[in-house]
Amino acid sequence: MISLALTPEQEEMRRVAHEFARREIRPVAAEYDRKEEMAWPVLQKANAAGLLSFGLPEQYGGGGVPGGLVGVTNFIVMEELGWGCPAIATAIGSSVYAAGPILAFGTPGQQEKYIPQFCDQDTVRLGAVCITEPQGGSDVSAMRTTFRRDGDEYVLSGTKCFISNGGIADLHIVFAVERPGAGWSGMAGFIVEKGTPGLEMGKVEQKLGVRSSHTAEVVLSDCRIPAENRLGGANPTVVPGATSDDGARPNPLLLLQYSRMIYAATSIGLARAAYEYALDYASERQSAGRPIADHQAVAAKLADMAMAIDAARLMLWRAGWMVDEGLPLDRGEGSMAKCFAADTAVDVTREAVQILGGHGYMRDHPVERWYRDAKVYQIWEGTNEIQRTIISRALVDQHVRRSR
Ligand SMILES: Cc1cc2nc3c(=O)[nH]c(=O)nc-3n(C[C@H](O)[C@H](O)[C@H](O)COP(=O)(O)OP(=O)(O)OC[C@H]3O[C@@H](n4cnc5c(N)ncnc54)[C@H](O)[C@@H]3O)c2cc1C
């Protein structure tokens, strides 16, 4: 039996997240966008309310919601935070972003040491996941940041770019290769603690949107870390594509398959915010003696916006349901949700600006900011071109397997 009814726990989480977004995020979103600053006071309040750690396992002090970081409950909460402000939602979500690789690939010792830090409701701890490099982000296997073993340490060298929380995070998870060109088989992940000599913040980016989320270069110059900070342990067994239980060779693509769904959730919240605002406006604004919502051209836009948002959410919840059920996403269902939700956010925010006319173009209304914020969802966590490639490859693979 399939049901879309929320459990009482999910209803409660949604209510709490929505109220937080309405009271704490919405009123300050424009100000932090203008200042291009992280909304630290909001992050602190969100942390105290348990909104940073609710998706982390209970055994480490997290909320332990079903499905963890990538289940339907998480998506429900992230949609509400994205409704409040996608940039601030990103800052909230990315605080635990670094917990994902540790949970996926880390040893029990690494999990016991680091995950509780993200569950401390008194102190905000930020994480950063460093994959992208200046010469190209889509072709992850071509990364050039290197690692080498030197006694009881690993030495990391290279430059990562466009890193959310880069240089300010308490923990950086850095992916690197044994030598440039080594590709997947030579790739490993490392936990780098704040203050480690050799890790520095490079250029801080000035962006089109999501301006209150910090984005910067991370420069690793002979950065030495203890050998046990290699994800999967000091001397992990090489099993391509395996999880830490098998002795991991961490592959960031395995991770992105899941983490990109969290971004789908915030982009759905963003699209919903713009749709609701445009609906309100179109119901009030008069033209030719009636509300503009009564004019067919505007009414059709509202219908298209609502349909796309509902379709995106259904697609995302299906993927979350599959994760909850332990089913493999073997038709690229996570990528489908991310890609469709990102396109929806861009389309819906663009049409919201259009429905507000000249007023939509002005900073007096949030649709101007939401339109700028939406674009990044087609770029980060793998561009939408890459998502379509992943989906089509999965479909062709499945077709070939079935026709054998
Ligand atoms: C605000 C922001 C925050 C980010 N945060 C992080 C972070 O925390 N950690 C992190 O590691 N990265 C982060 N990124 C980086 C992001 O994941 C990359 O920008 C993205 O993966 C694309 O890489 P690129 O910019 O190098 O573009 P490129 O890979 O150079 O791609 C350029 C264009 O070519 C297309 N293209 C490239 N290869 C192919 C292909 N094989 N098939 C079809 N089309 C292709 C792309 O779709 C794109 O349109 C962030 C980016 C932004 C903008």
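These numbers were taken from a predicted model, which means no experiment stands behind them.

With respect to the layout of surface pockets
Then, in step 1: Estimates place the volume of the largest pocket at around 1,400 Å³.
Then, in step 2: Lining of the largest pocket is provided by 48 residues; of these, Leu-256, Arg-260, Glu-381, Gly-382 and Thr-383 occupy positions nearest its centre.
Then, in step 3: Taken together, the elements giving at least two residues each to the lining of the largest pocket come down to strand 3 (153–164), helix 7 (252–284), helix 9 (333–356) and helix 12 (384–403).
Then, in step 4: With eight residues, helix 12 is the largest single contributor of residues to the lining of the largest pocket.
Then, in step 5: Taken together, the residues of the lining of the largest pocket sort by class into 20 nonpolar, 16 polar and twelve charged.
Then, in step 6: Split by domain, the lining of the largest pocket shows at least three residues from each of two domains, domain 2 (127–246) and domain 3 (252–403).

Quick notes on the nonpolar core
Then, in step 1: Residues Ile-25, Leu-81, Leu-156, Leu-302 and Leu-316 are the most contacted members of the largest nonpolar core, which totals 123 residues.
Then, in step 2: Look past the residues within four positions of Leu-156 in its chain and what remains in contact with it is Thr-146, Phe-147, Val-174, Ala-176, Phe-190, Val-192, Leu-220, Ser-221, Asp-222, Cys-223 and Ile-225.

Brief notes about the site of the ligand
Then, in step 1: Every one of the 19 residues lining the ligand counts as a neighbour, but Thr-132, Gly-137, Ser-138, Phe-162 and Thr-383 are closest to it.
Then, in step 2: At 2.7 Å from an oxygen atom of the ligand is found a side-chain nitrogen or oxygen belonging to Thr-383.
Then, in step 3: Protein contact buries 65% of the 980 Å² of open area that the ligand shows by itself.
Then, in step 4: Taking a 2 Å distance to the grid points as the criterion, the majority of the atoms of the ligand fall inside the largest pocket.

Thoughts on a nonpolar patch on the surface
Then, in step 1: Among the surface-exposed residues, Ile-2, Trp-321 and Leu-327 lie close enough to one another that they form a single nonpolar patch of about 330 Å² accessible area.
Then, in step 2: Mapped onto the fold, Trp-321 is located in helix 8 (residues 296–324).
Then, in step 3: Note on Trp-321: relative accessible area 39%, which makes it partly exposed.

Quick look at the packing of helix 7 against helix 9
Then, in step 1: Taken N-terminus to C-terminus, the directions of helix 7 and helix 9 make an angle of 20°; their axes are 8 Å apart at the nearest point. Taken together, the axes of helix 7 and helix 9 are roughly parallel relative to one another. The two elements helix 7 and helix 9 cross, and the hand of that crossing is left-handed.
Then, in step 2: For the contact of helix 7 with helix 9, the residue count by class is 19 nonpolar, six polar and two charged.

Some details on the side chain of Thr-196
Then, in step 1: Mapped onto the secondary structure, Thr-196 falls in the loop between strand 5 (187–193) and strand 6 (199–204).
Then, in step 2: A relative accessible area of 13% places Thr-196 in the buried class.
Then, in step 3: Only 2.5 Å separates the side chain of Thr-196 from the backbone oxygen of Glu-193, close enough to count as a polar contact.
Then, in step 4: Discounting residues that sit within four places of it in the chain, Thr-196 has contacts with Cys-223, Arg-224 and Ile-225.

A word on the state of the cysteines
Then, in step 1: Within the structure shown, the criterion is met by zero disulfides.
Then, in step 2: Cysteine Cys-223 shares no disulfide, and the gap to the nearest cysteine sulfur, in Cys-130, comes to 10 Å.
Then, in step 3: Owing to a relative accessible area of 0%, Cys-223 belongs among the buried residues under this scheme.

What to know about helix 6 (residues 108–118)
Residues three or four positions apart in an α-helix share a direction because the helix packs 3.6 residues into each turn.
Then, in step 1: Here helix 6 has its buried residues at Gln-110, Gln-111, Tyr-114, Ile-115 and Phe-118. All buried residues of helix 6 project into a common sector of 105° when viewed along the axis, lining one side.

Some words on the domain arrangement of the protein chain
One widely used convention gives an interface's size as the accessible area the parts lose upon coming together.
Then, in step 1: Domain annotation for the protein chain reports domain 1 (8–118), domain 2 (127–246) and domain 3 (252–403).
Then, in step 2: The C-alpha-based centres of domain 1 and domain 3 are spaced at 20 Å.
Then, in step 3: Across the boundary between the two partners, domain 1 contributes 27 residues, which contact 30 residues of domain 3.
Then, in step 4: At the junction of domain 1 with domain 3, the criterion picks out four salt bridges.
Then, in step 5: Arg-272 is paired through a salt bridge with Glu-79; the nearest N and O atoms lie 2.8 Å apart.
Then, in step 6: In this assembly, domain 1 and domain 3 are joined by six residue pairs in polar contact (both at pLDDT 80 or more).
Then, in step 7: For the side of domain 1 that touches domain 3, the elements supplying multiple residues, two or more each, are helix 1 (8–35), helix 3 (72–84), helix 4 (86–95) and helix 5 (99–105).
Then, in step 8: The element that contributes the greatest number of residues to the side of domain 1 that touches domain 3 is helix 3, accounting for eight residues.
Then, in step 9: Taken together, the residues that form the side of domain 1 that touches domain 3 break down as 17 nonpolar, six polar and four charged.

Quick word on the side chain of Glu-381
Then, in step 1: Mapped onto the fold, Glu-381 is located in the loop between helix 11 (367–374) and helix 12.
Then, in step 2: Once you skip the residues sitting within four places of it in the chain, Glu-381 turns out to touch Tyr-97, Leu-256, Ser-259, Arg-260, Tyr-263, Lys-338 and Gln-387.

Describing the environment of Gly-127
Then, in step 1: Along the polypeptide, Gly-127 turns up in strand 1 (residues 127–130).
Then, in step 2: Considered as a pair, Gly-127 and Ala-216 are 89 residues apart in the sequence and their alpha carbons are 13 Å apart.

As for the confidence of the model for the protein chain
Then, in step 1: Within the protein chain, residue pLDDT values average 93, and 97% of them lie at 70 or more.
Then, in step 2: When the criterion is pLDDT under 50, residues 239–247 qualifies, and its contacts beyond four places in sequence or with other chains add up to 16 contacts.

Observations regarding the pattern of salt bridges
It is possible for side chains bearing opposite charge to pair when their charged atoms get close.
Then, in step 1: For the structure shown, the criterion picks out 24 salt bridges.
Then, in step 2: For Glu-351, the salt bridge identified is with Lys-301, shortest N-O distance 3.3 Å. Linking Glu-351 in helix 9 with Lys-301 in helix 8, this pair joins segments that are 50 residues apart in sequence.
Then, in step 3: Among the residues examined, Lys-301 registers a relative accessible area of 22% and is labelled partly exposed.
Then, in step 4: Among the ionic pairs, Arg-388 bridges to Asp-343, the shortest N-O distance being 2.6 Å. Of this pair, Arg-388 sits in helix 12 while Asp-343 sits in helix 9, placing them 45 residues apart in sequence.
Then, in step 5: When salt bridges that share partners are traced, they join Glu-79, Glu-80, Arg-272, Glu-276, Asp-310 and Arg-313 into one network.

Cut-offs applied
Residues numbered from 1 in each chain as written. Predicted model: local features only at pLDDT ≥ 70, side-chain atom pairs only at ≥ 80, totals over all residues. Heavy atoms only, no water. 1 Å grid on protein atoms, 1.4 Å probe; cavity = no way out; pocket = protein on both sides within 12 Å on 5 of 7 lines; lining within 4 Å. Points joined across faces, edges and corners; volume = space filled by probe spheres on them. Helix = DSSP H or I, 4+ residues; strand = E, 2+ residues; numbered from the N terminus. Nonpolar A, V, L, I, M, F, W, Y, C, P; charged D, E, K, R; others polar. Domains from an automatic or database assignment. Core = buried A, V, L, I, M, F, W, Y, C linked by side-chain atoms within 4.5 Å. Buried < 20%, exposed > 50% of the residue type's maximum accessible area, 1.4 Å probe, protein only. Contact = heavy atoms within 4.5 Å. Near = heavy atom within 4 Å. Polar contact = N/O pair within 3.5 Å; in protein donor to acceptor, adjacent residues only side chain to side chain. Areas by Shrake-Rupley, 256 points an atom, 1.4 Å probe, with all protein chains shown as cover. Sits in = over half its atoms within 2 Å of the grid points. Patch = residues over 30% accessible without salt bridge, like charges linked within 9 Å, V, L, I, M, F, W, Y side chains within 5 Å. Salt bridge = Lys/Arg side-chain N within 4 Å of Asp/Glu carboxyl O. Axes fitted to C-alpha atoms, helices over the stretch in contact; angles between N-to-C directions. Parallel < 35°, antiparallel > 145°, perpendicular 65-115°, else oblique. Left-handed = near helix turned anticlockwise from the far one by under 90°. Disulfide = S-S within 2.5 Å. Arc of directions from axis to C-beta. pLDDT = per-residue confidence, 0-100.

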